[in-house]
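Structural overview
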Amino acid sequence: MIQKEFIGQLQEDNTLSPEAIDRLRSPDHKDFFSVYWELEFILYGGVMMICSGLGTLVYKNIDTIGHIAVLAFIAVLTVSGHIYCYKHNAPFSWKKTRSSNIIFDYVLMLSAACMLIFIGYLQYQYNVFGERYGLATFIPMVILFISAYFFDHIGVLSLAIINLATWAGIAVTPQKILQEGLWNEDRLIFTAVVLGLFLLAVGFLVKKKEFKAHFEFTYKNFGTHLLFIALLSGLIIYEKFYLIWFLPLAAFTYYMYRQSIREHSFYFMLILTLYGYGGASYVLIHSLSKIPGILPVMEYLTTIYSIASALMLVRFLIKMNKKLKKQ
Amino acid sequence: MTAHNKKELHHLWLHEQAAAACVQGRISAEEKAAIIKKYPAAFYTPNKIMRFGLFLLANFAISSAIGLSQMVLPSDKNENIISILLIVWGCIFIAIQEYNIRKHAHFRSGVDDALEWYIAGSLGIGILSLFKLSVSANAFVIGIITLLVALRYINALLAVLSLLAFSVSFYFEYTERLSFGIATIAYAFLIIFAAIVFLTVRSLSNFKTRFYTQCLEFLQATSLVAFYICGNFFVQFELMAELRNEPDEQAPVSAGWLFWILTYATPVIYTALGIIYKKGLFLRTGILLLIPAYMTYRFYFHYFPLEWEIFWLGLILFVAAYFLIRFLKGDRSGYTSRQIKESAGLKELQAMVLADTIAGNTPPHPITGGGSTGGGGATGNY
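Residues numbered from 1 in each chain as written. Chains lettered and ligands numbered in written order. Predicted model: local features only at pLDDT ≥ 70, side-chain atom pairs only at ≥ 80, totals over all residues. Heavy atoms only, no water.

Topic: the overall build of chain A
Within chain A one finds 13 helices and one strand. Counting helices and strands in the order they occur from the N terminus, chain A gives α-α-β-α-α-α-α-α-α-α-α-α-α-α. Expected size for 327 residues packed as a compact globule is a radius of gyration near 20 Å; at 26 Å, chain A overshoots this value by more than 25%. Considering only C-alpha atoms, chain A reaches an extent of 80 × 70 × 40 Å along its principal axes. Of all 327 residues assigned to chain A, the portion counted as buried reaches 52%. Pairs at least 24 apart in sequence give 65% of the contacts found in chain A among residues at least 6 apart. Carbon and sulfur atoms make up 67% of the accessible area of chain A, which totals about 15700 Å². (Helix = DSSP H or I, 4+ residues; strand = E, 2+ residues; numbered from the N terminus. Rg over C-alpha atoms; globule rule 2.2 N^0.38 Å. Buried < 20%, exposed > 50% of the residue type's maximum accessible area, 1.4 Å probe, protein only. Contact = heavy atoms within 4.5 Å. Areas by Shrake-Rupley, 256 points an atom, 1.4 Å probe, with all protein chains shown as cover.)

Here is the structure:
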């Protein structure tokens, strides 16, 4: 709410022109009130509820006639949603295209989610891909990538990347990562390293070649987290060869630091600080614990290190924040 | 009362007013920039991401420091020493906070947020463990400490905690001292929270309280939700009865019909007020409270299987939003469905939650043994 004291001060100090002051005072001016976020919330809630409801409905009706009816309904939703988006889509371009409205975004998200449910159940119930289980994730992944690029949709691109990770054998949603913690299997760690590097490379390429350059953040975001978590997992799991894992972790942290400075990214600066700190602290404490006779004072040393290092990082982040702001 | 520089706070308020005027289309972006340039606010206030990181690290450093001080104490220390140590820490944190504010102009920097919580926490726990008080007195002391810290450093979350602590204290005093306390506590709270909402609405347009806008908004949101909780039928007739160890029929709240009305009418009234007076807080709270209103209905009535209800409700929400967006296409009556501010990372987050939802509702794969994202039936173990 615009207060009269605000207008009074601007007038008194001659900050704005008399016309601007009149505009501020005008009772006839129609103040805009955006309900965008409320509508986003309702639409997203709607998509989530439809997907949850449909998912459970099919599951509960497996082996009944109702099951086929529900599956047919999901197929109709998938196809009609994509047709709607096709009709309302802006002409394709490798540059960013603005969607016509938020309905478009969520119709596409709903259709993509329905497609995933549909293909998942086709495989579960009818085993359409036979023993080639990878195909059941590979085909939706390809469709999602095409859809993300064709309709220029970051949400669908994220679903496609999540599906790509699932196809490669790792779960990358926050819930799964929080539930399972760091990876503890060779195959998972190495897959995550390769996938992380691959996503970072794709992010780099889409930006350089301008193939939807604004998708870069999404690729880079997934790639960075995957690679950091994989390197930290390797550092902790392969205790004997921890330096082999620490070196790439340090190198990657430095690379991300340079990138953050260049791109003025507060977000990547923060995550590289936290992951890098985690890795460096592990190596330091692990190395200290190997010194003979240190165990009795180890508890004190660790606590003193925690205080000193956290304070140093606070100073570092404050300095970086000022540096990034200035640029 | 506040430790922060009042001139800088006033400038910050001018920035907020300019931003609001710009969103409403009353001034241009250039005019807004001119205002910000003329009235600089020399606070150290990083963006939200950095603030979060600084908050985490400061928390880590402070908790480690407290831990270290406990470690150097003799192992046979008595409880009072720990209490006094915590109070000493509280005083040290106040000194650091005051220094940071004066010397480095920290304001919502993350570091000051963490210090404020530790000031309130150390002093609160220290004092409470030193003096053995009743529950209501404990809550009252916490209310006073958090209120003072909230006022001194303008901390909205501590203001909310203060309100909740005073509410707990009031609950025990009211129900224990008055013979009709249990029967009427819900009504008393309804009146109190309605009064707080009314007062915060008034105060938010008052020039004198301009430095505490965020605190007042948080208090208003809390009071709106608390009013709903007090008027919710399920809360009064199931949860409160269970807390009192009494079956439903003996629940002291007699006017069941009133609570049924409040359960469903409150979210609708909030939403309507939000639309009529263009108050975002009322509108958002009203929409969010439709969820517990539905859950209350679902607890008592089961006309259809849950999955059918969820599916149909989702479809209704989606279709309703569709028609609302079409209706608002020409920016009718000052309302618009256009996006005013960009939101980085939201779509990625939405997709991840959606992927988790699909995974949660996917039946386990016969070979791989678990639901997963992407509907393929594979998990991390696949």
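Some points on the confidence of the model for chain B
Note that predicted coordinates carrying low pLDDT should not be read in detail. A residue-level look at chain B finds 86% of positions with pLDDT of 70 or above and a mean pLDDT of 86. Across residues 363-382 of chain B, confidence stays below pLDDT 50; counting only partners more than four residues off in sequence or on other chains, it has 63 contacts. (pLDDT = per-residue confidence, 0-100.)

As for the interface of chain A and chain B
Across the contact, 111 residues belong to chain A and 106 residues belong to chain B. A buried area of about 9900 Å², summed over both sides, lies between chain A and chain B, and 70% of it is on carbon and sulfur atoms. Viewed at the interface, chain B and chain A are joined by two salt bridges. Among the salt bridges present, the one from Arg-23 of chain A reaches Glu-31 of chain B, with a minimum N-O distance of 3.1 Å. Inspection of the chain A/chain B interface yields 14 residue pairs in polar contact (both at pLDDT 80 or more). Looking at which element gives the most residues to the side of chain A that touches chain B, the answer is helix H3 (residues 36-60) of chain A, with 23 residues. When the residues that make up the side of chain A that touches chain B are grouped by side-chain class, the tally is 67 nonpolar, 28 polar and 16 charged. For strand E1 (residues 33-34) of chain A and strand E1 (residues 335-336) of chain B, the ladder comprises two bridges, and the chain directions are parallel. Considered in E1 of chain B, the bridge of Phe-33 of chain A is made with Tyr-335 of chain B. (Buried area = accessible area lost by both parts, 1.4 Å probe. Salt bridge = Lys/Arg side-chain N within 4 Å of Asp/Glu carboxyl O. Polar contact = N/O pair within 3.5 Å; in protein donor to acceptor, adjacent residues only side chain to side chain. Nonpolar A, V, L, I, M, F, W, Y, C, P; charged D, E, K, R; others polar. Pairing = 2+ DSSP bridges.)

Describing the packing of helix H9 (residues 186-208) of chain A against helix H10 (residues 216-237) of chain A
Residues and elements named next belong to chain A. Remark: H9 packs on H10, axes separated minimally by 7 Å, with the N-to-C direction vectors making an angle of 155°. With respect to their mutual orientation, H9 and H10 come out roughly antiparallel. The crossing of H9 and H10 is left-handed. Between H9 and H10, the residues in contact are Ile-189, Ala-192, Val-193, Leu-195, Gly-196, Leu-197, Leu-199, Leu-200, Val-202, Gly-203, Val-206 and Lys-207 and Glu-216, Tyr-219, Lys-220, Phe-222, Gly-223, Thr-224, Leu-226, Leu-227, Ala-230, Ser-233, Gly-234 and Ile-237, respectively. When its residues are assigned to classes, the contact of H9 with H10 shows 15 nonpolar, six polar and three charged. (Axes fitted to C-alpha atoms, helices over the stretch in contact; angles between N-to-C directions. Parallel < 35°, antiparallel > 145°, perpendicular 65-115°, else oblique. Left-handed = near helix turned anticlockwise from the far one by under 90°.)

What about the pattern of salt bridges?
Under the counting rule described, the total for this entry stands at 12 salt bridges over all chains. The partner of Lys-220 of chain A in a salt bridge is Glu-263 of chain A, with the nearest N and O atoms 2.6 Å apart. Taken together, the residues Lys-220 of chain A in helix H10 and Glu-263 of chain A in helix H11 (residues 242-263) connect sequence positions 43 residues apart. Residue Glu-263 of chain A is classed as partly exposed on the basis of its relative accessible area, which comes to 28%. Between Glu-173 of chain B and Arg-177 of chain B there is a salt bridge; the shortest N-O distance is 2.3 Å. One end of the pair, Glu-173 of chain B, and the other, Arg-177 of chain B, are both in helix H7 (residues 156-177), four residues apart, so they sit about a helical turn from each other. On the basis of relative accessible area, Glu-173 of chain B is assigned to the partly exposed category, the value being 27%. Ionic contacts of the salt-bridge type, sharing partners, join the residues Lys-207, Lys-220 and Glu-263 of chain A into one network.

What to know about a nonpolar patch on the surface
Residue and element names in this part refer to chain A. Nonpolar side chains collect at one region of the surface, where Tyr-86, Phe-92, Trp-94, Phe-138, Val-142, Ile-146, Phe-150, Trp-167 and Phe-211 lie side by side and expose about 880 Å² of accessible area between them. Ranked by the residues each element gives to the nonpolar patch, the list is headed by helix H6 (residues 133-151), at four residues. Tracing the chain through its elements places Trp-167 in helix H7 (residues 154-168). (Patch = residues over 30% accessible without salt bridge, like charges linked within 9 Å, V, L, I, M, F, W, Y side chains within 5 Å.)

A look at the nonpolar core
Counting residues in each nonpolar core, the largest one holds 174 residues, and the members touching the most others are Trp-183 and Tyr-219 of chain A together with Leu-354 of chain B. Among the elements that make up this core, the one with the highest residue count is helix H5 (residues 102-126) of chain A (16 residues). Apart from the residues lying within four places of it in its own chain, the contact partners of Leu-354 of chain B are Tyr-44, Val-47, Met-48, Cys-51, Met-109, Ala-113 and Leu-159 of chain A. Of all hydrophobic cores here, the second largest spans 15 residues; its members include Ile-2, Leu-16 and Leu-24 of chain A together with Leu-14 of chain B. (Core = buried A, V, L, I, M, F, W, Y, C linked by side-chain atoms within 4.5 Å.)

Looking at the layout of surface pockets
The space that makes up the second largest pocket amounts to roughly 960 Å³. Surrounding the second largest pocket, 30 residues form its lining, Phe-41 and Ile-42 of chain A together with Ile-287, Leu-290 and Leu-317 of chain B being those nearest its centre. For the lining of the second largest pocket, the secondary-structure elements that each account for two or more residues are H3 of chain A together with helix H11 (256-276), helix H12 (280-300) and helix H13 (306-327) of chain B. In terms of residue class, the lining of the second largest pocket is built from 24 nonpolar, four polar and two charged. (1 Å grid on protein atoms, 1.4 Å probe; cavity = no way out; pocket = protein on both sides within 12 Å on 5 of 7 lines; lining within 4 Å. Points joined across faces, edges and corners; volume = space filled by probe spheres on them.)

A closer look at the environment of Phe-189 of chain B
Residues and elements named next belong to chain B. Positionally, Phe-189 belongs in helix H8 (residues 181-204). Overall, Phe-189 belongs to the buried group, its relative accessible area being 10%. On a C-alpha basis, the gap between Phe-189 and Ile-229 in space is 9.8 Å, while along the polypeptide they are 40 residues apart. When near neighbours in sequence (up to four residues on either side) are disregarded, Phe-189 contacts Ser-167, Phe-170, Tyr-171 and Cys-230.

Some remarks on a positive patch on the surface
Residues and elements named next belong to chain A. A cluster of like positive charges, contributed by Arg-258, Arg-262, Arg-315, Lys-319, Lys-322, Lys-323 and Lys-326, occupies part of the molecular surface. The greatest single-element share of the positive patch, amounting to five residues, is contributed by helix H13 (residues 295-326). When you line up the elements, Lys-323 lands in helix H13. (Lys, Arg positive; Asp, Glu negative; His and termini not counted. Charge placed at Lys NZ, Arg CZ, Asp CG, Glu CD.)

Here's the deal with the state of the cysteines
As enumerated under the stated definition, the model contains zero disulfides over all chains in all. We note that Cys-51 of chain A lacks a disulfide partner, and the nearest cysteine sulfur, in Cys-114 of chain A, lies 5.3 Å from it. (Disulfide = S-S within 2.5 Å.)

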